[in-house]
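The residues making up each chain are set out below.
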Amino acid sequence: MQWFQKEFKLPSYPRGFHLITDLVLDNCPEIQNIEKGLCHIFIKHTSASLTINENADPTVRTDFESHLNKIVPENAPYYIHTYEGPDDMPAHIKASLMGASVQVPISNGRLNLGIWQGIYLCEHRNRASVRKLVVTIFGI
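Note that the coordinates shown come from a computational prediction; the quantities given were computed from them, not determined experimentally. (Residues numbered from 1 in each chain as written. Predicted model: local features only at pLDDT ≥ 70, side-chain atom pairs only at ≥ 80, totals over all residues. Heavy atoms only, no water.)

As for the pairing of strand β7 (residues 117–123)
Consecutive residues of a regular strand have side chains that alternate between opposite faces of the sheet.
Moving on, step 1. Counted residue by residue, β7 has six buried out of seven residues, so it is predominantly covered.
Moving on, step 2. Direction of pairing for strand β4 (residues 48–54) relative to β7: antiparallel, over a ladder of seven bridges. Directly across from asparagine 53, in β7, lies its bridge partner glycine 118. (Buried < 20%, exposed > 50% of the residue type's maximum accessible area, 1.4 Å probe, protein only. Helix = DSSP H or I, 4+ residues; strand = E, 2+ residues; numbered from the N terminus. Pairing = 2+ DSSP bridges.)

The following block contains the structure:
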């Protein structure tokens, strides 16, 4: 069994949903050494999240953002945690709803995603800082 773990920074992204599959692959060439295994990707932040979804049509990204904004609106009168602005508490709620990690099988040295699947950074802040990922790869 082989184990690899890497932490790296993503560039700053504006609010929204951004495909990062290629960035994960570029930063983790060790995936090519795994015949059968798993790739676990974890984001070290409480106001951004990760998900896997369609990688072809960019309108999916827009629809994700629009729908989450309806579910978790800014400026709700009952929010108390607003120290960093109106997007502060909604960003935390969205991050919890979407999740802080994803797992992808590795087969024959490649991420075994479906043909239309990609890994997304879900940026929930208007002015986000650099985000850090921890990627753990293990397998044979």
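We are not done yet, so read on.
Focus on the pairing of strand β5 (residues 101–107)
Moving on, step 1. Residue alternation in β5 divides its side chains into a buried set, Val102, Val104 and Ile106, and an unburied set, Ser101, Gln103, Pro105 and Ser107.
Moving on, step 2. By the bridge criterion, seven bridges tie strand β3 (residues 36–43) to β5 in an arrangement that is antiparallel. From the neighbouring strand, histidine 40 faces β5, where its bridge partner is glutamine 103.
Moving on, step 3. Note that β5 and strand β6 (residues 110–111) share two bridges and pair antiparallel. When the bridges of β6 are listed, isoleucine 106 appears paired with leucine 111.
Moving on, step 4. Counted between consecutive antiparallel strands, the loop separating β5 from β6 contains two residues, among which asparagine 108 sits at a positive phi close to 55 degrees.

A closer look at the sheet that holds β3
Moving on, step 1. Taken together, the five strands give an open sheet; going across it, the order is β1-β8-β3-β5-β6, and neighbouring strands pair in antiparallel fashion. Of all strands in the sheet, those with a lone pairing partner are β1 (2–10) and β6, marking the two edges.

Focus: the pattern of salt bridges
Note on pairing: side chains with opposite charge can pair once their charged atoms come close.
Moving on, step 1. All chains considered together, the criterion is met by eight salt bridges.
Moving on, step 2. Arginine 15 is the partner of glutamate 65 in a salt bridge, and the nearest nitrogen-oxygen pair spans 2.8 Å. Pair noted here: glutamate 65 is in helix α2 (residues 59–71) and arginine 15 is in the loop between β1 and β2 (16–19), with a separation of 50 residues, a long-range link.
Moving on, step 3. For the salt bridge of arginine 125 with glutamate 84, the shortest nitrogen-to-oxygen distance reads 3.1 Å. With arginine 125 in the loop between β7 and β8 (131–139) and glutamate 84 in the loop between α2 and α3 (88–98), this pair connects stretches of sequence that are 41 residues apart.
Moving on, step 4. Judged by its relative accessible area of 8%, arginine 125 falls in the buried class.
Moving on, step 5. Connected through shared salt-bridge partners, Glu84, Asp87, Asp88 and Arg125 make up one network. (Salt bridge = Lys/Arg side-chain N within 4 Å of Asp/Glu carboxyl O.)

Thoughts on the sheet that holds β7
Moving on, step 1. Strand order in the open sheet formed by three strands is β2-β7-β4, and the pairing between neighbours is antiparallel. Of all the strands in the sheet, the pair left with one neighbour each is β2 and β4. Strand-to-strand twist of the sheet, defined as the mean angle between neighbouring strand axes without regard to direction, takes the value 35 degrees.
Moving on, step 2. Both β2 and β7 contribute to a ladder of four bridges, which runs antiparallel. Its bridge partner lying in β7, phenylalanine 17 is registered against cysteine 122.
Moving on, step 3. Against the sheet, α2 contacts β2, β4 and β7, and its axis sits at roughly 150 degrees relative to β2.
Moving on, step 4. Against the sheet, α3 engages β2, β4 and β7, with an angle of about 45 degrees to β4. (Axes fitted to C-alpha atoms, helices over the stretch in contact; angles between N-to-C directions. Contact = heavy atoms within 4.5 Å.)

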